[in-house]
Structures are given as structure tokens and as C-alpha cells.
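Listed here are the chains, written in short residue letters.
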Amino acid sequence: MSTAPLSDVSPRGEKLPRYPFTRTPGCPFDLPAELQQLRRTESITRVSLWDGSNPWLLTRYEDVRSVLADRRFSSDRRQPGFPPSSAGQRIRNEVSPSFVGMDDPEHARHRRMLVGEFSARQTAGLRPMVAEIVDSLLDEMARQTGPVDLMESYAIPLPFMVVCRVLGVPYTDRAFIEEHLNVRLDARSSPDLARESISRMHDYVLELVRQRETEPTDDLLGRLVQRRVHTGELTRDQAASMAELLLAAGNETTFHMIGLGTLMLLRDPELAAVVRDGEPAQVSSAVEELLRLLSIAHAGRRRVALEDVTIGGVTIRAGEGVIAATNMADRDPDEFPQPDRLNLGRTRNRHLAFGFGPHQCLGASLARLELQLAYPALLRRFPALRLAVPEAELRFIDGKVIYGVEEVPVSW
């Protein structure tokens, strides 16, 4: 099986664009200019990554959706030619690989162990707990004076508290967990730092697994240990890797969606009013549109071809990496009329913010629940909510695999 060349130059001698692209300063909600140019010129093209590899970048909605559903494209990060998003991702596959980086049947077997924990019925049962956390954080915000950082006071702790309660991880360990998750998600982390950080995080969760073996608990991690580790369906390492995955996936994406989504709503009082005062169906529609437009997984979904496959007239050879740019696909005008406009009345919204196919995000229903509660509650509690600094002073995050904002100072 061949692998993609390691170079910044294409086989034809052309200089390849470096991916992911950074956004234009002052245009935080626009796609990077290079990505917009590719939409107009080449929907499938080679790009250069941090490690010098040259995977294919796919930007059209139908091409992206097709690849994510096609089992001829592997999610196994151990496969030669797989395009890692960072040194941290590459090293994590050595230290504590998770099932999202596997193919069926291994992936499906592990995923089935968690499906029931994130079913529609199970998620609906979490609504009172999530609402309680939302209210408690807003109560604490209301007691503060002067500008308050929305990220630190509300957006970050909300999903962190939720996932800690669901898993059974002590919220008091938040600083330690955040520190090491940040290293893992930062594309700029050095291999040595990533290896040390990932090992420490894995050891921490492994100890929680060991505790559940002698002190059973009625939480997700406790149930995994009792039902799976004791029966031999999972090793301790595999149970710990599952918990690490849920800790990471249940935090960073949701809290940046809360921060960025709130910023978008504050730009348009009429849209904010719909979210604040609308019926549940209107709020749900608004959340889907925010998910589509923001599509914060801006490093794309990564795959590697297991055999020669032709997509959009381009033959991708076995062993060549592929990046399915979901953020670009979610702004494809062939699928979404006026794609760069936030349209809360959009009736057809098959966005790819949670991916697609066998690896579609397992916790999508929980993330939706958190967002559907977080936005309206915030706007109802603080109807005069506004930015406390000019938007131009905000610092947006391009260096991680998730797009976001550092701080959002607000007043009311």
C-alpha cells in the first residue's frame, strides 16, 4: 500500500496550500479566504499538513458525505497514510487508542457498549440535571459585578459539569483535565509534550477505572467497569480510553459552540429574540443552524483510502489520506441556499457538524440538549446581554483542531 508524499510540493511541482487555513483577522465567522478560493476553483485538491504529508482535501457537500459513509475509507489512525491532525493525535494512538480511530467490526463492538447511554430516552432523562446546572451557573453570574467572561463563567463549566456527572469524574479535577486535554487538541504541541501529557491523562483515568472495580458506582464509568471489564469485554486500558474520549468530546466542542453561538446571536437582536422567546421547535431549528454555520471542527474529518476510489472525477489511490472538510461542506451553496447567512427558518438542514456515517458523533443528542437549554436560558436571564469590549478585541482560536474564542467579556 502506498502512502502520500511528504512534501509541500505536489507531484506536478506546484506549491501546496498549508492546511488548516487561518481565518482573516476581523472576520471570525467567515471561512478562511484560501478555503473560499478552493470552493470556487478546486473542490478536491492536495494540501500540505504539519508533518509534511499531502492528503486530499474535499470541500463539496456530496463528496464529503459520500466519503464519510464509504467503508473503503478507513478511520483507523494506525493505517499508513492516515493524515493526523496533530502530533497529539498521532501519539495518542500509540498510548491510548480509542474506538473512534478504529474500523468495524472493532469500532462497532465498542460503540454498541455506549449507544444506550446516549439514546434519545437516556438523554431526555438528563434534561433536569442539565437545566439545574444551567440555572446554578447563571445564578452565580448574576451575583458578579462588572464585565464577566462568558467562557469562564458559563460556556466552559456547563458541558464540563455535565460530562463529569454523566461519567462520574470529579469536577474538582477540572484544572488537571483541562490542562492535558488542551495539549492533546493543540496542533502546535510538540511530540514530547503531547506524549507526556497523554500518558498522565491516561494514568489518571485508569486509576478511576481501578477504583470502580472495588467501589462500584452508578455512573457511566462505573457501569462500563461492572458490565464490561469484569466480563472481559473490555480491558482496563480500553475502558479508560473510552472515558478519555468522552471527556474530550463532551467538552471543547460544546463550550466553543456556546461561546461562538452567543456571539452570533448578539450580532442580531431579532435572531436573539427568537431564541430567547421562541417555541421549542424554533429553538431547536436555531441550534441546528448555528451548528451548521459555525461547524467548529475546522480541521476536518480524517480518513485514508483502503483501495482506489474515484470521487468527483478524481481517483484517490489506496494509502492516500483524505480530509473531509465538513465546515466547507456545510456552506456548499448546492446544498444550502445562501450558505453564509444564519437562517433560523431553514427547513432543510442536513448539516455535517456531527459528522456522518458509522462514525457520526455518539453524543450528538446530549450536545443538542445542552445548547437548546444554554442559549435561551442565558438570553432570558440577561435580556440586555452585550459584549463589554469591541468584537475586534476578541481573540479567536485557530491553532487547535476545534475553532473557538478565548474570552467573551459581557455586561448586561
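Above this text is the structure in question.
Our subject in this report is the structure included herewith. (Residues numbered from 1 in each chain as written. Predicted model: local features only at pLDDT ≥ 70, side-chain atom pairs only at ≥ 80, totals over all residues. Heavy atoms only, no water.)

**A few points about the nonpolar core**
Under the convention used in this document: By nonpolar core we mean a set of buried residues, namely Ala, Val, Leu, Ile, Met, Phe, Trp, Tyr and Cys, connected to one another through side-chain atoms within 4.5 Å. The buried label applies to any residue whose accessible area, calculated with a 1.4 Å probe on protein chains only, is under 20% of its type's maximum; exposed applies above 50%, and partly exposed to all values in between. Every helix listed is a DSSP run of H or I at least four residues long, and every strand listed is a run of E at least two residues long, numbered separately from the N terminus. Residues count as neighbours in contact if any of their non-hydrogen atoms are within 4.5 Å of one another.
By size, the foremost hydrophobic cluster in this structure holds 97 residues, and its most contacted members are Met141, Tyr154 and Leu158. In terms of residue count, helix H17 (residues 364-381) provides more of this core than any other element does, 11 residues in total. When near neighbours in sequence (up to four residues on either side) are disregarded, Leu158 contacts Ile133, Val134, Leu137, Ile258, Glu370 and Ala374. Residues Ile44, Val64, Phe336 and Leu352 belong to the second largest nonpolar core, which totals 17 residues.

**Section: the pairing of strand S8 (residues 321-324)**
Put simply, the rule is: A pair of strands is treated as paired once DSSP finds two or more bridges between them.
Judged by which residues are buried, S8 turns out to be covered on both faces: Gly321 and Ile323 on one side and Val322 and Ala324 on the other are all buried. Inspection of the sheet shows strand S2 (residues 56-58) paired to S8 by three bridges, in the parallel sense. When the bridges of S8 are listed, Leu58 appears paired with Ala324. Pairing between strand S5 (residues 301-305) and S8: four bridges, direction antiparallel. Paired with Val304 across the strands is Gly321, a residue of S8.

**Points about the pattern of salt bridges**
Just so we agree on the cut-off: Here, a salt bridge means any side-chain nitrogen of Lys or Arg that lies within 4 Å of a carboxyl oxygen of Asp or Glu.
Counted by the stated rule, this structure contains 27 salt bridges. A salt bridge links Asp308 to Arg317; its shortest N-O distance comes to 3.0 Å. Assessed through its relative accessible area of 42%, Asp308 is described here as partly exposed. Its relative accessible area of 42% is what places Arg317 among the partly exposed residues. Between Glu335 and Arg350 there is a salt bridge, with its nearest N and O atoms 3.3 Å apart. Within this pair, whereas Glu335 is found in the loop between helix H16 (326-329) and H17, its partner Arg350 is found in the loop between H16 and H17, the two being separated by 15 residues in sequence. Residue classification places Glu335 among the buried residues on the basis of a relative accessible area of 9%.

**Concerning the sheet that holds strand S9 (residues 386-387)**
Spatially, S4-S12-S9 is the arrangement adopted by the three strands of the open sheet, whose pairing is antiparallel. The open sheet has two edge strands with one neighbour each: strand S4 (148-149) and S9. Sheet topology places S9 next to strand S12 (residues 409-411); two bridges connect them, and they run antiparallel. Across the sheet, residue Leu387 finds its bridge partner in S12, namely Val410.

**Looking at the sheet that holds S2**
Taking strand neighbours across the sheet as the criterion, the five strands line up as S1-S2-S8-S5-S3 in an open arrangement whose pairing is mixed. If you trace the sheet from one side to the other, it starts and ends with strand S1 (44-46) and strand S3 (73-74), each paired once.

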